[in-house]
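Chain and residue survey
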Amino acid sequence: MDSKMKKAIALVAVGAMSLTTLAACGNSNSGSSDKKGQVYYLNFKPEVANEWKSLAKEYTKETGVKVTVQTAASDTYEQRLKSEMGKSNPPTLFQVNGPVGYANWKAYTADMSDTTPYKLLKSKDYALTDGKKVTGIAYVVETYGLIYNKDLLDKYFQADWSTVKSMKDLNNFKALKTVADEIQAHKADLGVEGAFTSAGFDSSSDWRFKTHLANLPLYYELQQRHIKTQPATVKGTFLPQYKQIFDLYLKDSTTDPKQLGSKTGEDATAEFAQGKAVFYQNGTWAWSDLQKAGMKASSVSMMPIYIGVKGEEKQGLATGSENYWCINSKASEADQKATKAFLKWVVTSEAGKNAISKKMGFTTPFKGFPTTSDNPLVEAAQKDLDSGTKAVAWDFSLMPSEQWKNNLGGALLKYAQGTGSWNDVKTAYVDGWASEYKATH
Amino acid sequence: MTTTSGKTIRRWWALFALPTFLAFIIGFIVPFILGVYLSFCDFNTIKDATPIGFKNYAKAFQDSEFWVALGQTVSFAIVTTIIINVVGFAIAYMLTKAIRGATIFRSIFFMPNLIGGIILGWVWQLLLNGILQQWGASLTLSKNYGFWGLVILVCWQQIGYMMIIYIAGLQAVPTDILEAAEVDGANGRQKLFDIIIPLMMPSITVCTFLTITNGFKMFDQNLALTGGAPANESELVALNIYRTFYDRMGFEGVGQAKAVIFFIIVAIVAMLQNKLTTSREVQA
């Protein structure tokens, strides 16, 4: 090979290399110049990531508008949103989890009062407002409680060693404890490994305890104090009850508490789906995973989480929303418009409605959506609502920060493992609230 | 006198150096300057930052978790640097002797280094939890499990890489000196400590530099192995910074300030180490 040839090859190679470097920088502002605008949705729910993707594809096929859907991994939404918002093509449609989440992203929310989803809301309570404009719209109403395996529980009711004989009597903490203790004592007879699934504390699933379960003592305290907005301090009046239910989860469980740190939400799902446990604290959204794991709709239902508060026989399931759509006010006009059009299509077209209510299995607060569902947990929630109980509100959207929840989760794990005390949990809950409120206000 | 290759380099250097230099500016210099600036700002996303002076630094200095994590990182860096270099050197020494299949062993020892940190973290999490289960424990039971688990993982990963550098160094030790030493009646111990190691100081400088800085910067493996559990106790400083930045709304600037403090500490440590080991380098 002569030297000229070598030089030429070298030139081409170097040229190619620098081109790719440059291309990487230039890429970022393509797309938004398009007159039609584009939609970029940062989805909060990993369990329906694929359903959103295919819905987006369908919309693009119909209208030619580009819709990108990205999903943040479990418990990493805020991180993901923060880094995506900093990019030159930020999400045009994102989610906040309620008033506290909204406060963080205030500067990024556009007015949604002229959008179709807002007009279709059955109750305007499902919208977040700042007094003047509508800044967020809940698109899914969810319910959580104690999911139970009907077949196994029926087996328990019929056993000659059982004290509680029907669902009707299982309406307070004392009864729940009796049932759980007896199941645990006779686990071989029922063919289970424990009454409750493992209370996994892997950081992607500890929200079941640091957020959802912690909502119950918070709810009762706020009820007692007649408070509706975020208080600067909490007293922790109902923490003894919180301890009571958490202790029950730990004691009557499939798993040694020392191993909870490595257990995940998927482990709990698998245990429940395989009939290794009777109770599983989770919500309506868990159905898609349970179904995939092979459970029949007829053998799953849900009951309220009783923690031992007086009069809890009237307590219902916990229903609310932590999924509010917000439109990014810093996106270009065209993109905001495109996003509104996309949302309109999602809540009005057959394809959109079908995807949301059937494929994703969500209950929405919008008019025009089917009221029945294939999701047995949604059915259970509906039945609970009709039976005249009082639903527990999702007050966890008032929790001061993610940090507060994480600290509580850490303290709970240490308590569960036996390496920390309940006092630390109390400190994280009560003192942590005051200091986090101060730090974030 | 200029050789032909020197001429070529003089003519063409820009073509080869500039693209990389450009990447260095984009990927390192600019983010670094921006990062220092942001540490004096209050911001949500890096686009809307407002300067607030030293407030972030004040908050960072008051955060006890940060200092605990920093202390933990220092002990982690010390422990891993010692283990990795001693073991890496020993294996290299063994594999430069005429052992059957030395080349195969070299490849095998090097391989762990080709696996990404997050995957390693997950794999080792399964392995270690599987072992700990025998005693009814798990990695997150106490911070010590997390710490030593991470030490095992990182040693396993990096020993092979340092070994390769040491092998190259060992092969460069002139054999005539060793032969001369033998003729003079030096035993194996004397040959190793008085001849080979002094001559290997350049390799040792490089390897200790790499292991110390790797130890300080440890992130992926820490995140995947324990994620800081229980209650952030097994968290090293890089993870603490990440968590401050991403998990706490309104604390982005504090995370940035911590990163700057961290940079200064690592820079000082690395410079000290470099000075210390280069001062011991000798010529054959």
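Residues numbered from 1 in each chain as written. Chains lettered and ligands numbered in written order. Predicted model: local features only at pLDDT ≥ 70, side-chain atom pairs only at ≥ 80, totals over all residues. Heavy atoms only, no water.

1. Section: the interface of chain A and chain B
What counts here: The contact criterion used throughout is that any non-hydrogen atoms of two residues lie within 4.5 Å. Note on definitions: buried area is the accessible-area loss of two parts on being combined, 1.4 Å probe, summed for both. Counted as salt bridges are all cases of a side-chain nitrogen of Lys or Arg within 4 Å of a carboxyl oxygen of Asp or Glu. Think of a polar contact as two N or O atoms within 3.5 Å of one another; within protein, one of them needs to be a possible hydrogen donor and the other a possible acceptor, and neighboring residues in sequence only count if both atoms come from side chains. Counting from the N terminus, the helices are DSSP H or I runs at least four residues long and the strands are E runs at least two residues long. Three classes are used: nonpolar for Ala, Val, Leu, Ile, Met, Phe, Trp, Tyr, Cys and Pro, charged for Asp, Glu, Lys and Arg, and polar for all others, with Gly counted as polar.
Tallying the contact residues gives 36 residues for chain A and 34 residues for chain B. Both sides of the chain A and chain B interface together cover about 3,000 Å² of buried area, and 56% of this is carbon and sulfur. Here Lys82 of chain A ties to Glu252 of chain B by a salt bridge, and the two come within 2.7 Å at their closest N and O atoms. Across the chain A-chain B interface, the total number found is 14 residue pairs in polar contact (both at pLDDT 80 or more). Where the side of chain A that touches chain B is concerned, the elements lending two or more residues are α1 (3–26), α3 (77–85), α4 (99–105), α17 (402–417) and α18 (422–440) of chain A. In terms of residue class, the side of chain A that touches chain B is built from ten nonpolar, 16 polar and ten charged.

2. Remarks on the side chain of Ser401 of chain A
All names here are of chain A. Inclusion rule: The classification of residues rests on relative accessible area computed with a 1.4 Å probe and restricted to protein chains. Under 20% of the type maximum is buried, over 50% is exposed, and intermediate values are partly exposed.
Within the fold, Ser401 resides in the loop between β12 (390–392) and α17. On the accessibility criterion, Ser401 (12% relative accessible area) is buried. A polar atom in the side chain of Ser401 sits 3.1 Å from the backbone nitrogen of Trp404. Not counting the four nearest positions on each side in its chain, Ser401 is found in contact with Glu436 and Thr440.

3. What about unusual backbone geometry?
Residue and element names in this part refer to chain B. Of note in this structure, Ala231 is not a glycine but carries a positive phi near 50°. Relative to the elements of secondary structure, Ala231 occurs in the loop between α10 (220–225) and α11 (237–247). Among the residues examined, Ala231 registers a relative accessible area of 28% and is labelled partly exposed.

Geometric descriptors of this kind do not, in isolation, establish any biological role.
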